[in-house]
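Analysis of the macromolecular model
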Amino acid sequence: MKYFKLMALCGVLLVSFTQAQAQANAIDKYFSQYVDDERFTVVYVSSKMFQLFDRLDVGGLDMDEEESKIVKNIAKDLRGLRILSADEDGLALYKEAKSKISTQEYEVLMTVRTNDGENVDFLIKDNDNIIEELLLLVGGEDDEFALLSFVGRLDLNSIVKLANSMEEDKKKE
Amino acid sequence: MDYKQINGLLERYFEGQTSLEEEQQLQQYFAQAVIDERLQQFAPLFQFFEVEQTAALDEQFDARLLEAIEEQAKVVPMRSTGRRVILRWLSRAAAIVLIFAAAWWVYDTQQPLEQTGIDWSKYEVTDPQLAFALTQKALKGASAQIKKGSDMAQSEVKYISTMTEILK
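Calculation notes
- Residues numbered from 1 in each chain as written.
- Chains lettered and ligands numbered in written order.
- Predicted model: local features only at pLDDT ≥ 70, side-chain atom pairs only at ≥ 80, totals over all residues.
- Helix = DSSP H or I, 4+ residues; strand = E, 2+ residues; numbered from the N terminus.
- Buried ≥ 20, exposed ≤ 12 C-beta atoms within 10 Å, placed from the backbone.
- Contact = placed C-beta atoms within 7 Å.
- Axes fitted to C-alpha atoms, helices over the stretch in contact; angles between N-to-C directions.
- Parallel < 35°, antiparallel > 145°, perpendicular 65-115°, else oblique.
- Nonpolar A, V, L, I, M, F, W, Y, C, P; charged D, E, K, R; others polar.
- Core = buried A, V, L, I, M, F, W, Y, C linked by C-beta atoms within 7 Å.
- Pairing = 2+ DSSP bridges.
- pLDDT = per-residue confidence, 0-100.

Once that is clear, we can look at the overall build of chain B. A tally of helices and strands in chain B yields six helices and zero strands. Helices and strands in chain B line up, N terminus first, as α-α-α-α-α-α. Split into buried and exposed, the 168 residues of chain B put 9% on the buried side.

Structure representation (structure tokens):
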């Protein structure tokens, strides 16, 4: 009986920890020291804010209507946006960040390295094919570093749609 | 004692109502050489009691008993030296390994959580318009990068296919 109780306790602990872990995002997990670092600019948009977007009148901002519609649509399912950016040591930070992220938890969606020395990585954490977090890691020789974490149910298709709508805008101009 | 008396005692005996003295009387009667024929059938019973009651443990009994117990105690571990002991130890080892694995797992997953003392509210954007602009910018950036990546992949594929076309 003693062993059973012990096992049950362990089980409960494990479950509670995995649940707690599911709440965390990559920045909390791997980059907490960056947040307090003076070199970085930190931005956080909460899920409450995303819910406000629906009622937000963006007429005052110079924005394409089609675009803001797509953005609102994506933001509806977002639970948090965290941005870390820096204007120095772009490449070093990029390499450091990349080595920190557990490849077991995050799957590489896309890695791009352009010939002007810019690296872009897309990493996703998914659960049953639903994307829970999208990480965008940018860093290169031009000393810019950015780490974006989108937490929430993301639809890659609508993100691509956004790119297409931007493309069309350019053509119009 | 005559037949009637004994018979009466016997009846009460089987009903469980005889006193110790009366039982003594019965035993004495059946210990005699001459027993009434009609009572012959009960003789072995009381004779047996008589024998059993006089039976005593001899002096060596304790020693023999202890010896026997000791011998058995020796035999028990001998018997279980085989598979059983291995199995028992294996299960213990497995339990320990399990507990350690669980502890390690908990420790491992707890580690990053301990660092999450980030007060995000410090960095929270409270102006909806600004938040929207930022989100849009972030999404557009991400979107543009995806597009760039896939475009690059596409042009690479085109390049490779034209190369193979030429080389044909």
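Structure's up, so let's keep going.
The next subject is the overall build of chain A. Across its full length, chain A carries seven helices and six strands. When the helices and strands of chain A are read in sequence order from the N terminus, they spell out α-α-α-β-α-α-β-α-β-β-β-β-α. Across the 173 residues in chain A, those meeting the buried criterion constitute 32%. Intrachain contacts of chain A at a sequence separation of at least 6 include 63% that bridge at least 24 residues.

Before going further, it helps to spend a moment on the packing of helix α5 (residues 65–76) of chain A against helix α6 (residues 128–167) of chain B. Two measures define how a pair of helices packs: the angle their axes make with one another and the distance between the axes. At a closest axis distance of 10 Å, the pairing of α5(A) and α6(B) adopts a crossing angle of 95°. Relative to α6(B), the element α5(A) lies roughly perpendicular. Facing A:Ser68, A:Val71, A:Ile74 and A:Ala75 of α5(A), the residues of α6(B) in contact are B:Thr135, B:Gln136 and B:Leu139. By residue class, the composition of the contact of α5(A) with α6(B) is four nonpolar, three polar and no charged.

Take the nonpolar core next. It is characteristic of soluble globular proteins that their nonpolar side chains tend to be buried jointly. Residues and elements named next belong to chain A. Formed by 49 residues in total, the largest nonpolar core has its most connected members in Leu136, Leu137, Leu147 and Leu148. The biggest single contributor to this core is strand β6 (residues 145–154), with seven residues. Here Leu147 is in contact with Ile27, Phe31, Leu84, Ala97 and Leu137, once residues within four sequence places are set aside.

This part takes up the pairing of strand β3 (residues 107–113) of chain A. Residue and element names in this part refer to chain A. Here β3 pairs with strand β4 (residues 118–127) via six bridges, running antiparallel. When the sheet's bridge partners are listed, Arg113 is paired in β4 with Asn119. Connecting the antiparallel pair β3 and β4 is a turn made up of four residues, with Gly117 showing a positive phi of about 85°.

Here the focus is the confidence of the model for chain B. All names here are of chain B. Overall, the predicted model of chain B reaches an average pLDDT of 79, with 89% of residues at or above 70. Mean pLDDT across the elements of chain B ranges from a minimum in helix α4 (residues 61–79), with 76, to a maximum in helix α1 (residues 3–14), with 84. Quick note on the complex model: pTM equals 0.54, ipTM equals 0.72.

Attention now goes to the sheet that holds strand β2 (residues 78–86) of chain A. All names here are of chain A. Overall, antiparallel pairing links the six strands, which are arranged β1-β2-β6-β5-β4-β3 in an open sheet. Either end of the sheet is taken by a strand with one partner, and the two such strands are β1 (40–46) and β3. In this sheet, neighbouring strand axes are inclined to one another by 10° on average, regardless of whether the strands run parallel or antiparallel. Across eight bridges, the pairing between strand β5 (residues 130–140) and β6 is antiparallel. By the bridge assignment for β6, Leu136 is matched with Leu148.

Attention shifts here to unusual backbone geometry. At A:Asp89, a residue that is not glycine, the phi angle is positive and equals roughly 50°. Checked against the element boundaries, A:Asp89 lands in the loop between β2 and α6 (90–100).

Turning our eyes to something else, we now look at the packing of helix α2 (residues 20–31) of chain B against helix α3 (residues 43–54) of chain B. All names here are of chain B. In contact at an axis separation of 9 Å, α2 and α3 are set at 110° when each is read in the N-to-C sense. As far as their axial angle goes, α3 and α2 are roughly perpendicular. Contact residues: Leu26, Gln27, Phe30 and Ala31 in α2; Ala43, Phe46, Gln47, Phe49 and Glu50 in α3. Across the contact of α2 with α3, the residue classes break down as six nonpolar, two polar and one charged.

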